[in-house]
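Structural overview
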Amino acid sequence: MKNTGDHTTFNVDSIRKDFPILNREVNGKPLIYFDNAATSQTPQQVIDVIVDYYSNYNANIHRGVHTLSQEATDLYEDARLKIQRHINAKHSYETILTSGTTHGINLVANGFTTLLKKGDEVIVSALEHHSNIVPWQMLCERTGATLKVIPMNAKGELILNDYDALLSENTKLVFVNHISNALGTINPIAQMIEKAHQVGAAVLIDGAQSCPHIKPDVQALDVDFYVASAHKMCGPTGVGLLYGKEAWLEKLPPYQGGGEMIDQVTFEETTYAGLPHKFEAGTPNICGGIAFGAAVDYMNAIGFDAISAYEHELLDYATEQLTHIEGLKIYGTAEEKTSVISFNIDGIHPYDIGTILDKLGIAVRTGHHCAQPIMDFFKIPGTVRASFAFYNTKAEIDTLVEGVKKAKMMLS
């Protein structure tokens, strides 16, 4: 980013130099990476932090008196503070470092096993990823609670009047993604959280798809739980965050037993450590946590307002260009959406399109995107999904459009 008088310009060419993988070729063609909703690419600044950790600081944390252990502990806990500030959590111990979004969701679902009973109700939305459906089904099976679903409309938006009708004094939990991974729909979570709280329900927001595009403010949202993954926001795989309000985290029992999460252990009784260690059993992904903090720093240095504005520009451009292709249908046309386009071409299986695009060096995702209920709603087997990040360009989108046209010609 650079200032030019009264406004700020987005220098995508400069940003792209930070990502070494963008220099490689696939099938003899320059790589065009449009699978960012599955995982984002990693800048050199974060790669350097990973190499530096294993070169200079590799040691177990929280337990050692020796210098390496203390240095690694300081780096890891500093990363926790970076993540706390990024999401605006009130306390650092409300930020639990997990293996990813799915881990965080399962941790909460497991904890609520002790808090729910038959007759209680759990609400999810029709837009959810499987990882925000299956754990709640399992929770309801264990407790006798009932799972209810907020329906969606043909644009890929949740029907909020039906959500209002589902809420009752029996509602104990509401789970919804901030952004749909399959359609790009941005859900009105602030409004949904407020309404859930009016009936005394707790709310978990799946932020896996939103954190790469939107900087969350968990205190302003007044959300009870928020989960996300580092690998979707320029960080490494195998690490993520679970934010929980202190009062809720104190109510939930530990998810796993082992080292680090204990206070005192005898064969007669064990007492548990305080937050956040109560939920961080075993040796964590130390390097991953430190690199997560570096990724947060990297994205904040660019600025989330700038990232969001540029990605929306890419979304508008790609939508306009793709709609000129005869027979192409876009799924997910919500008024509020992020830089994801799911589409099909009449009479052609999405897998076949994705295979041809790969031969042209273009990485897209095909299939149901771990969101089978959405595909069932549209009565389709899956879609081709192109998902854009702030290091993508309009020139790459032009190549995608030509690639889709070529695939259509070859497969029709």
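Residues numbered from 1 in each chain as written. Predicted model: local features only at pLDDT ≥ 70, side-chain atom pairs only at ≥ 80, totals over all residues. Heavy atoms only, no water.

**With respect to the overall build of the protein**
Convention followed: Note on conventions: DSSP H or I runs of at least 4 residues are helices, E runs of at least 2 residues are strands, and numbering of each starts at the N terminus. The globule rule is 2.2 Å times the number of residues to the power 0.38, and the radius of gyration it is compared with is taken over C-alpha atoms. Only protein chains enter the calculation, and the probe is 1.4 Å; a residue is then buried if its accessible area is under 20% of its type maximum, exposed if over 50%, and partly exposed in between. By definition, residues are in contact when any of their heavy atoms lie within 4.5 Å. A 1.4 Å probe and the Shrake-Rupley method give the accessible areas. Residues count as covered only by the protein chains that appear here. His is not counted, nor are the chain ends, whereas Lys and Arg count as positive and Asp and Glu as negative. Here the site of a charge means atom NZ of a Lys, CZ of an Arg, CG of an Asp or CD of a Glu.
Assigned secondary structure in the protein consists of 14 helices and 19 strands. For a compact globule of 412 residues, the expected C-alpha radius of gyration is about 22 Å, and the protein comes in at 22 Å, within 12% of that figure. Burial status across the protein gives 53% buried among its 412 residues. Look at the contacts in the protein between residues 6 or more apart in sequence, and 71% of them connect residues 24 or more apart. When the accessible surface of the protein is totalled, it reaches about 17600 Å², and 50% of it is carbon and sulfur. In the protein, 32 positive and 48 negative side-chain charges are present, and the distance between their average locations comes to 5 Å.

**As for the pattern of salt bridges**
Keep this limit in mind: Salt-bridge detection follows one rule: a side-chain nitrogen of Lys or Arg within 4 Å of a carboxyl oxygen of Asp or Glu.
With the rule as written, the count across this model stands at 15 salt bridges. Between Asp 120 and Lys 117 there is a salt bridge, and its shortest N-O distance comes to 3.4 Å. The exposure class assigned to Lys 117 is exposed, which follows from its relative accessible area of 51%. With a shortest N-O distance of 3.4 Å, Glu 121 and Lys 148 are connected by a salt bridge. Within this pair, whereas Glu 121 is found in strand E7 (residues 121-125), its partner Lys 148 is found in strand E8 (residues 146-150), the two being separated by 27 residues in sequence. Lys 148 gets classed as partly exposed once you look at its relative accessible area, which sits at 27%.

**A few points about the packing of helix H11 (residues 304-322) against helix H14 (residues 394-411)**
Operational definition: Each axis is a line fitted through C-alpha atoms, taken for helices only over the stretch in contact, and angles between the N-to-C directions span 0 to 180 degrees. In this scheme, roughly parallel covers angles under 35 degrees and roughly antiparallel covers those over 145, while 65 to 115 is roughly perpendicular and the rest are oblique. Should the near helix be turned anticlockwise from the far one by less than a right angle, the crossing is left-handed, and should it be turned clockwise, the crossing is right-handed.
Packing of H11 against H14 brings their axes to within 10 Å, and their N-to-C directions diverge by 25°. When the axis of H11 is compared with that of H14, the two are roughly parallel. The handedness of the crossing between H11 and H14 comes out as right-handed. Residues Glu 313, Leu 314, Tyr 317, Ala 318, Gln 321 and Leu 322 of H11 pack against Lys 394, Ile 397, Asp 398, Val 401 and Val 404 of H14.

**Concerning a nonpolar patch on the surface**
Convention followed: Candidates for patches are residues over 30% relative accessible area with no salt bridge; among them, like charges are joined within 9 Å and nonpolar side chains (Val, Leu, Ile, Met, Phe, Trp, Tyr) within 5 Å.
There is a patch of nonpolar side chains on the surface, built from Met 409, Met 410 and Leu 411 and spanning about 320 Å² of accessible area. With respect to the secondary-structure elements, Met 410 resides in helix H14.

**Focus on the environment of Glu 280**
How we decide: Within 3.5 Å is the distance limit for a polar contact, defined as a pair of N or O atoms, with the added protein rule that one can donate a hydrogen and the other accept it, and that residues adjacent in sequence qualify only through two side-chain atoms.
Examined against the element boundaries, Glu 280 turns out to sit in the loop between strand E14 (270-272) and helix H10 (286-302). Under the relative-accessibility criterion, Glu 280 is labelled buried at 6%. For the pair Glu 280 and Gln 198, spaced 82 residues apart in the sequence, the C-alpha separation amounts to 32 Å. For Glu 280, the side chain forms a polar contact with the main-chain nitrogen of Leu 97, separated by 2.9 Å.

**Examining the sheet that holds E8**
In plain terms, the rule: Two strands are counted as paired when DSSP detects at least two bridges linking them.
Strand order in the open sheet formed by seven strands is E6-E12-E11-E10-E9-E7-E8, with mixed pairing between adjacent strands. At either margin of the open sheet sits one strand with a lone partner, and together these are strand E6 (95-98) and E8. With direction set aside, neighbouring strand axes in the sheet form an average angle of 20°. Across the sheet, helix H5 (residues 134-143) lies against E7, E8, strand E9 (171-177) and strand E10 (202-206), angled at about 150° from E8, the strand it touches most.

**Some remarks on the domain arrangement of the protein**
Operational definition: All domain edges in this entry derive from an automatic or database-based domain assignment. Buried area: the sum, over both parts, of the accessible surface (1.4 Å probe) that disappears when the two are put together.
Split into domains, the protein comes out as domain 1 (12-44 + 303-411) and domain 2 (49-301). One C-alpha centre belongs to domain 1, the other to domain 2, and the line joining them spans 28 Å. In this assembly, 39 residues from domain 1 lie in contact with 35 residues from domain 2. Each partner contributes to the roughly 2900 Å² buried at the junction of domain 1 and domain 2, and carbon and sulfur atoms together form 57% of this total. In terms of surface lost to domain 2, no three residues of domain 1 exceed Phe 304, Cys 370 and Ile 374, which account for 22% of the buried area on that side. Viewed at the interface, domain 2 and domain 1 are joined by one salt bridge. Among the salt bridges present, the one from Lys 155 reaches Glu 335, with a minimum N-O distance of 2.8 Å. At the boundary of domain 1 and domain 2, one finds 24 residue pairs in polar contact (both at pLDDT 80 or more). For the side of domain 1 that touches domain 2, the secondary structure elements donating two or more residues are H11, strand E16 (340-345) and helix H13 (372-378).

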